[in-house]
Every structure is written in structure tokens, then in C-alpha cells.
Amino acid sequence: MRPVIVVHGGAGRIPKKYVEERKKHISKAVYTGYSVLDRGGSALEAVVEAVAYMEDSGWFNAGRGSVPTSDGDVELDAAVMNCDGLFGAVGSVPNLANPVRLALEVLRRTPHRMLVGSKAKFFGLRLGFREMYADELIGVKRIWEYISSEEGEYAHLLDRLERARGIFGDTVGAVAVDAGGCLAAAVSTGGILFKLGGRVGDSSILGAGIMVNKVASAVATGVGEYIIDSMLCYNIVKYRRYYSLAASVRKAMNFMTRFRGKDSGGVIAVDRWGHIATMHNTEGMGVGYLYKGMDGPKVGFTEYVFI
Ligand code: GLY
């Protein structure tokens, strides 16, 4: 089985000035995850390491880069899943470093599937997780900087919100298959900019923002409410039993686009045989991937990838 990892840095409108820096970090995240696969590690371990790297980079709407809620806080969603059907998630966790690792702890240490809010944070603090310092929260800082900038100040309020959303895109995620043919997925997000406190999006919801079975693995990015309505990732892995991975992704994405409209999101997927598929109905989406035999990660920002 050829080990493969695919990583995304969020669908949305990505300002040109951020593209190169984000490409660099997507590439590093791909390397981080792939090096786990290369030394014989599991797909689950690989996707968690890739996503944790992106959380720490501060360049995406996850971890340090998370955007604020309407109260100005950060509340984080994350989930992990593997081909044995093991699933762990956290939802609306107030400011804690590496929520994707916390989701893994929910999977490994508890009989539950999801912990939410301040009790989830407490669970993490007891395990040695730490809060992020205010000056580490690069996402919050950048959003306020934009809003108080000349460009932000003179823009119409709704336009300002729309642009501010674009600054950080949405969500990070990774899917992988390891040498033993086991698939896994991990996802992490600060959620939608200025969401209500307590809101949980698709990233924590099994079948919506994440789904893995023995045949395929998918994670989503975009407007959580629309992804939940469309059960985007569930549809992809279900269709893969009957169609190619590329056709499965197209069918599931076309359903969401018809149902909830353009600019609702995107997805990355991999199957047991190492095929890769990504698609988005937004202006952009940063994706990188690597498998044995490639010289290094391939990272792109707008193209569809079907391999
Ligand atoms: N896709 C991330 C969210 O809506 O929370």
C-alpha cells in the first residue's frame, strides 16, 4: 500500500499577500505528517501531527490563528477518526493549545465521542494542555488589525466582515492512508468569524466535517451549517463504495452546491488505494499532498486535484 497524506489550509477567499506564506506552511504540514508515515507510523498519528503543525503556525483559522467569536473569544472545534471507526471530538473549547490533540485524547482515554465547552478544556488542562497567551492568538490580532485599518474602516460593514473572513479562510484538515492500508482524518478550526459563543460547526460532527471508513477518508472546510445540512463527508465515503473517489467527491460537492449554493465549502479525500481527490466551490482552497516516489509536497491554491 502506498502511504499518502493530503492537507488543506481552508477554503475561502485567500488574499494574494498571504498565498506564499500559507503555501510554505501547508508544505511543512505535509512533510510533518508524511515523515510519520515514512517511518511506519499510523495514518491517525500522521494526520494529528500535520494538523497540530498548522494549529501552531498561526497562519490558518485554527489553533493560534483562530478567529474571534462575537464576544471576542476563541472557541475551538476539532475531531479525529480512523478506519476502525474510532472517533473523538471536542467542540467550542475556550482557548486551549492544540485542540486536535485533545480530540485524540477523547478518543483514547474516554468512552465518549465528544466533549464540549469549559469541561472539555478542564479535561485538557488536567492532561497537561495549556491555554494560549493573548499575544499568541495571531488570528484575533490580525482580524482587529484589519478592522481598524484604513481599508477596513472605510469598507461597508458587511463587506468588511466578508473580507475579514477571507483573511483566514476556514479550518485546517488532513487525510491519510498508511502502509497497512488504514485511513484516518483530522480537522481543527476556530469556526466562523464572529460566531455566537457556544456554536459548534461541522468540524466536530461525524459525517459532516469528517468521516472515515475502511474505503475512504474525507474532511471538509467551509460554512459549517451548510456542511452539516449536506452531510458532506458521509456522502463521499458512502459513494466511494460504488464510484471512483473523484466521482464520489464531485457528487457530494455538487449536492451541497445545489442545496446550499456556491461558496459553501470544499473537501479533501483519499481512498484505501491511495487515490486523492479535492474540490471546492469557493474562490480558493490551499491543498498539499505527498506520496512515496514524489520529490516533495505538491501545493496548489485553486486547482481541483484528482489523482
Ligand atoms: N468549517 C468550520 C466551521 O464552520 O466551523
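Reading the values: the criteria
Residues numbered from 1 in each chain as written. Predicted model: local features only at pLDDT ≥ 70, side-chain atom pairs only at ≥ 80, totals over all residues. Heavy atoms only, no water. Disulfide = S-S within 2.5 Å. Helix = DSSP H or I, 4+ residues; strand = E, 2+ residues; numbered from the N terminus. Buried < 20%, exposed > 50% of the residue type's maximum accessible area, 1.4 Å probe, protein only. Near = heavy atom within 4 Å. Polar contact = N/O pair within 3.5 Å; in protein donor to acceptor, adjacent residues only side chain to side chain. Areas by Shrake-Rupley, 256 points an atom, 1.4 Å probe, with all protein chains shown as cover. Contact = heavy atoms within 4.5 Å. Pairing = 2+ DSSP bridges. Axes fitted to C-alpha atoms, helices over the stretch in contact; angles between N-to-C directions. Salt bridge = Lys/Arg side-chain N within 4 Å of Asp/Glu carboxyl O. Left-handed = near helix turned anticlockwise from the far one by under 90°. Nonpolar A, V, L, I, M, F, W, Y, C, P; charged D, E, K, R; others polar.

*Asks:* Just checking my understanding: could you explain the state of the cysteines for this structure?
*Replies:* Two cysteines form a disulfide when their sulfur atoms are joined by a covalent bond. If you walk through the whole model with that rule in mind, you get one disulfide. Note that C83 is cross-linked by a disulfide to C182, the S-S spacing being 2.0 Å. The sign of the S-S torsion, about -110 degrees, decides the handedness of the disulfide formed by C83 and C182: left-handed. Residue C83 is located in the loop between β2 (75-82) and β3 (87-94), and its partner C182 is located in the loop between β5 (172-177) and β6 (183-189); the two are separated by 99 residues in the primary sequence. Taken as a pair, C83 and C182 share a single burial class, namely buried. Unpaired in this structure, C233 has its nearest cysteine sulfur neighbour in C83, at a distance of 16 Å.

*Asks:* Can you help me understand unusual backbone geometry in this one?
*Replies:* Peptide bonds are, in most cases, trans, and in most cases residues other than glycine have a negative phi. The phi dihedral of S92 falls on the positive side, at around 50 degrees, and the residue is not glycine. Within the secondary structure, S92 sits in strand β3.

*Asks:* Honestly, the site of the ligand in this entry has me stumped. Any pointers?
*Replies:* Residues in contact with the ligand, as listed here, are D170, T171, T189, G191, I192, R199, G201, D202, S203, G222, V223 and G224. Here a nitrogen atom of the ligand and a side-chain polar atom of T171 are 3.2 Å apart. Between a nitrogen atom of the ligand and a side-chain N or O atom of D202, the distance comes to 2.7 Å. Protein chains shield 100% of the accessible area of the ligand, which is 200 Å² for the free molecule.

*Asks:* Help me understand helix α9 (residues 232-239) in this model?
*Replies:* Note that an α-helix has 3.6 residues per turn; residues three or four places apart therefore point the same way. A large share of α9 lies buried, amounting to six of its eight residues. Listed as buried for α9 are L232, C233, N235, I236, V237 and Y239. Summarising the contacts, the buried residues of α9 are in contact with β7 (210-212), β8 (216-222), α8 (224-230), α10 (245-260) and β9 (265-271).

*Asks:* Mind showing me how you'd approach the sheet that holds β2 here?
*Replies:* One key point about sheets: their strands pair by backbone hydrogen bonds, in either a parallel or an antiparallel sense. In spatial order, the strands read β4-β3-β2-β6-β5-β1-β11-β12; together these eight strands make up an open sheet with mixed pairing. Of all the strands in the sheet, the pair left with one neighbour each is β4 (114-116) and β12 (298-300). The mean inter-strand angle of the sheet, taken between neighbouring strand axes irrespective of direction, is 10 degrees. In the sheet, β2 pairs with β3 via six bridges, with the strands oriented antiparallel. Paired with E75 across the strands is P94, a residue of β3. Relative to β6, helix α2 (residues 43-57) is tilted by about 20 degrees, and along the sheet it contacts β1 (4-12), β2, β5 and β6. Sheet strands in contact with helix α3 (residues 99-109) are β2, β3, β4 and β6, and its direction is about 135 degrees off that of β3.

*Asks:* I would appreciate a short explanation of the pattern of salt bridges in the present structure.
*Replies:* For side chains bearing opposite charge, pairing can occur when the charged atoms are close. Within this structure, the stated rule accounts for twelve salt bridges. With a closest N to O distance of 2.4 Å, E131 and K121 form a salt bridge. Residue E131 is located in the loop between α4 (117-126) and α5 (138-147), and its partner K121 is located in helix α4; the two are separated by ten residues in the primary sequence. Residue classification places K121 among the buried positions, given a relative accessible area of 11%.

*Asks:* I tried to follow the packing of α9 against α10 on my own but got confused; where do I start?
*Replies:* Helix packing geometry: the angle between the two helix axes and the distance between the axes. Two elements in contact, α9 and α10, have axes separated by 8 Å at closest approach and are oriented at 145 degrees. Seen from above, α9 lies across α10 with right-handed handedness. Contact with α9, carried on its side by L232, N235, I236 and Y239, involves S248, V249, K251, A252, M253, F255 and M256 of α10 and no other residues of that element. Its residues assigned to classes, the contact of α9 with α10 comprises eight nonpolar, two polar and one charged.

*Asks:* Which parts of the structure should I look at to understand the sheet that holds β7?
*Replies:* Taken in spatial order, the five strands line up as β7-β8-β9-β10-β13 in an open sheet, and their pairing is antiparallel. Two strands bound the open sheet, and with one partner strand each, they are β7 and β13 (305-306). For β8 and β9, the ladder comprises seven bridges, and the chain directions are antiparallel. In the strand pairing of β9, A218 is matched with A269. On top of the sheet, α9 reaches β7, β8 and β9; it is set at about 155 degrees to β8, its chief contact. In this fold α10 packs onto β8, β9, β10 (276-280) and β13, with an angle of close to 20 degrees to the strand it touches most, β10.

*Asks:* Where do I start with the environment of V67 in this structure?
*Replies:* Note on placement: V67 falls in the loop between α2 and β2. Using a relative accessible area of 3% as the deciding quantity, one classes V67 as buried. Between the C-alpha atoms of V67 and T189, which are 122 residues apart in sequence, the distance is 8.9 Å.

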